[in-house]
Amino acid sequence: MIMNNVIAGQAKDLFEALEPEPRLLMGPGPVDVYPAVLRAMSLPMLGQFDPQFTDYMNQVMALYRQIYCTANHWTLLVNGTARAGIEACLSSMISPGDRVLVPIFGRFGHLLTEIASRCRAEVINIETEWGSTFEADQVADAIRRHQPRIVALVHGDTSTTMAQPLADIGPICREAGALLYVDATATLGGMPVEVDDWCLDAVTAGLQKCLSGPPGCSPITINDRVAEIINARKHVEAGIRAQDAVNADGAIVQSNYFDLGMLMDYWSPLRLNHHTESTSMLYAAHACARVVLGEGLDAGFARHRSASKALRAGLMAMGLKLFGDSRHRMDNVTGVYIPEVLGNGDAVRAHLLEDFGIEIGTSFGPLHGKIWRIGTMGYGCRKANILRCLGALEAVMRRHGFASPAGAGVDAAYTVYDA
Ligand SMILES: *Cc1c(COP(=O)(O)O)cnc(C)c1O
């Protein structure tokens, strides 16, 4: 009797369709998804060897070569969020005992360190204060001192809203004979990521930032140098490998799921099965790339830059102070100090969400309770949203005791957009 009631009680909630309240996502990701991407995700399933589907895979490779500005053949998707791409690259590139240099300027440098350590690398760190980035010389010095085999570096670290300049670091690594891995999750599609021109050897991203897709898919690109290392470790699992296949001499990649050697066999004419490709995510990734390239990379970067400029002008006009080194801010997320009278800022964030349906970001680690992070990424990065966010923030902050000149934020943003 009791059990029936419980089941009946649960059933009512359980079988109700999900109907999330509409939100405007202006945090550091995930962000609102392009409508074309939502539509693509409702397309019918295809078999993983269906010629239509494998043709879509080839299209995805070609599209992401353009987004990454690379001729790299091995430009493909790893199933899983951005971290899956990071883990696939690092675990496939790093053999136990390899020396890996990880410059840390925020949370995601710590993540690269953690993943490289799990790959049994000998990890060397250099660190700089959150809110700053490295000079190319600092990285060059560390490379000279430690002679790493791999340098792993974040491009835009959303935790601090800083973008590490990479154009000079790639050539330094190449000259020193070190491979450069870059986490460009938060910048791809929002700021230039010039894989070939900057001599980046392996780069990974996710869909849920400036590509404006759902989290759950990681576009990656690796060049022939990296592919060679991976092929030298190739072990194809029994049951699918050809009878005469011989394993390579190099150390086996610890992870099966993230063994890029096996993934490359599926993304090649061999079409050797590994795991089932996430069909709907591939459709989503395809649609994201079409929207981004349809707008044009440069036009998209300019849109992100002007939105950030307008947002920042608005925040400053409201009497708020921006976080971090102004020379190296990302173009798609802004850190802003929380005024003291607003405590750790959580109440303001909660009311922005409840009363205006707008989400902005909190912060991690040393910045927790000190700054908010406001994202202007992908589909969400538009004038209407900047103005809505500034207007709402002004109203909510006033209710919580921080009064700024009425309309100052919106007016300042208008001025930037009008110019
Ligand atoms: C957001 C972000 C990630 C996110 O990783 P997920 O696995 O998708 O949660 C990784 N790296 C950077 C630099 C990011 O900004």
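Given the structure is predicted, the values throughout are model-derived calculations rather than measurements. (Residues numbered from 1 in each chain as written. Predicted model: local features only at pLDDT ≥ 70, side-chain atom pairs only at ≥ 80, totals over all residues.)

On to the overall build of the protein chain, then. A count of helices and strands for the protein chain gives 14 helices and 13 strands. Over its C-alpha atoms the protein chain spans a radius of gyration of 23 Å, differing by no more than 12% from the 22 Å that the globule rule assigns to 419 residues. With the C-alpha coordinates aligned to their principal axes, the bounding extent of the protein chain is approximately 75 × 70 × 45 Å. Relative to its 419 residues, the protein chain shows a buried fraction of 49%. (Helix = DSSP H or I, 4+ residues; strand = E, 2+ residues; numbered from the N terminus. Rg over C-alpha atoms; globule rule 2.2 N^0.38 Å. Buried ≥ 20, exposed ≤ 12 C-beta atoms within 10 Å, placed from the backbone.)

Another point: unusual backbone geometry. Cis geometry marks the peptide bond from Gly29 to Pro30; its omega dihedral reads 5 degrees. Here Pro30 shows up in the loop between strand S1 (24-26) and helix H2 (35-40). Although it is not a glycine, Cys69 sits at a positive phi angle of roughly 55 degrees. In this fold, Cys69 is placed in the loop between helix H3 (51-68) and strand S2 (74-79). Judged by local crowding, Cys69 falls into the partly exposed class, with 17 C-beta atoms found within 10 Å. One non-glycine residue, Ser212, adopts positive backbone phi at about 55 degrees. Tracing the chain through its elements places Ser212 in the loop between strand S9 (202-204) and strand S10 (217-222).

The next subject is the site of the ligand. As a matter of local geometry, the ligand sits amid 14 residues, with Thr81, Ala82, Arg83, Thr158 and Ala186 nearest to it. Here the residues of the shell around the ligand sort into five nonpolar, five polar and four charged. (Near = placed C-beta within 6 Å. Nonpolar A, V, L, I, M, F, W, Y, C, P; charged D, E, K, R; others polar.)

Okay, the confidence of the model for the protein chain next. With 97% of its residues at a pLDDT of 70 or more, the protein chain has an overall mean of 96. Ranking the helices and strands of the protein chain by mean pLDDT puts S9 first, with 99, and helix H1 (residues 2-14) last, with 59. (pLDDT = per-residue confidence, 0-100.)

Our focus in this paragraph is helix H13 (residues 383-399). Residue pairs spaced three or four apart in an α-helix point in one direction, given the helix's 3.6 residues per turn. For H13, with 17 residues, the first-to-last C-alpha span of 25 Å sits near the 24 Å given by 1.5 Å per residue. Among the residues of H13, those classed as buried are Ile386, Cys389, Leu390, Ala392, Leu393, Glu394, Val396 and Met397. Of the surrounding elements, those touching the buried residues of H13 are S1, helix H11 (297-317), helix H12 (346-356), strand S12 (358-360), strand S13 (371-375) and helix H14 (408-418). Among the residues trailing H13, Gly401 stands out with phi positive, at a value near 100 degrees. (Expected span 1.5 Å × (residues − 1). Contact = placed C-beta atoms within 7 Å.)

Parsing the protein chain into structural domains produces domain 1 (35-292) and domain 2 (297-418). Here the C-alpha centroids of domain 1 and domain 2 sit 31 Å apart. Considered class by class, the residues forming the side of domain 1 that touches domain 2 number 10 nonpolar, 12 polar and two charged. (Domains from an automatic or database assignment.)

Take the pairing of strand S3 (residues 99-104) next. With five of six residues buried, S3 lies mostly within the body of the structure. Here S3 pairs with strand S4 (residues 122-127) via six bridges, running parallel. Its bridge partner lying in S4, Leu101 is registered against Ile124. In this region the chain leaves S3, passes through helix H5 (residues 107-118) and returns to the parallel neighbour S4; the handedness of that crossover is right-handed. Strand direction decides the pairing type here: S3 and strand S5 (residues 150-154), joined by two bridges, are parallel. Within S5, the residue paired with Leu101 across the bridge is Val151. (Pairing = 2+ DSSP bridges. Right-handed = clockwise from strand over helix to strand, strands pointing away.)

Interaxial distance between H3 and helix H10 (residues 279-295) falls to 10 Å at its minimum, and their mutual angle equals 40 degrees. Here H3 lies oblique to H10, going by the angle between them. Crossing angle aside, the handedness with which H3 passes H10 is left-handed. Between H3, through Tyr56, Met57, Gln59, Val60, Leu63, Tyr64, Gln66 and Ile67, and H10, the contact on the second element is made entirely by Leu282, Ala285, His286, Ala289, Arg290, Val292 and Leu293. Of the residues contributing to the contact of H3 with H10, the split by class is 11 nonpolar, three polar and one charged. (Axes fitted to C-alpha atoms, helices over the stretch in contact; angles between N-to-C directions. Parallel < 35°, antiparallel > 145°, perpendicular 65-115°, else oblique. Left-handed = near helix turned anticlockwise from the far one by under 90°.)

If you walk across this open sheet you meet the seven strands as S2-S10-S9-S8-S5-S3-S4, and the pairing is mixed. Bordering the open sheet on either side are S2 and S4, each of which pairs with just one other strand. Strand-to-strand twist across the sheet, computed as the mean angle between neighbouring axes with direction ignored, equals 20 degrees. Where helix H4 (residues 82-93) meets the sheet, its contacts fall on S2, S5, strand S8 (179-183), S9 and S10, and the angle it forms with S10 comes to roughly 35 degrees.

Before going further, it helps to spend a moment on the environment of Arg23. Its location among the elements puts Arg23 in the loop between H1 and S1. Exposure remark for Arg23: the 13 C-beta atoms within 10 Å place this residue in the partly exposed category. Considered as a pair, Arg23 and Val195 are 172 residues apart in the sequence and their alpha carbons are 34 Å apart. The contacts of Arg23, once residues within four sequence positions are left out, are Gly357 and Glu359.

This part takes up the pairing of S8. In terms of burial, S8 is a largely internal element, five of the five residues being buried. Alternating positions in S8 separate into two faces, Leu179, Tyr181 and Asp183 on one and Leu180 and Val182 on the other, with burial throughout. Note: S5 against S8, five bridges, orientation parallel. Considered in S8, the bridge of Val154 is made with Asp183. For S8 and S9, the ladder comprises three bridges, and the chain directions are parallel.

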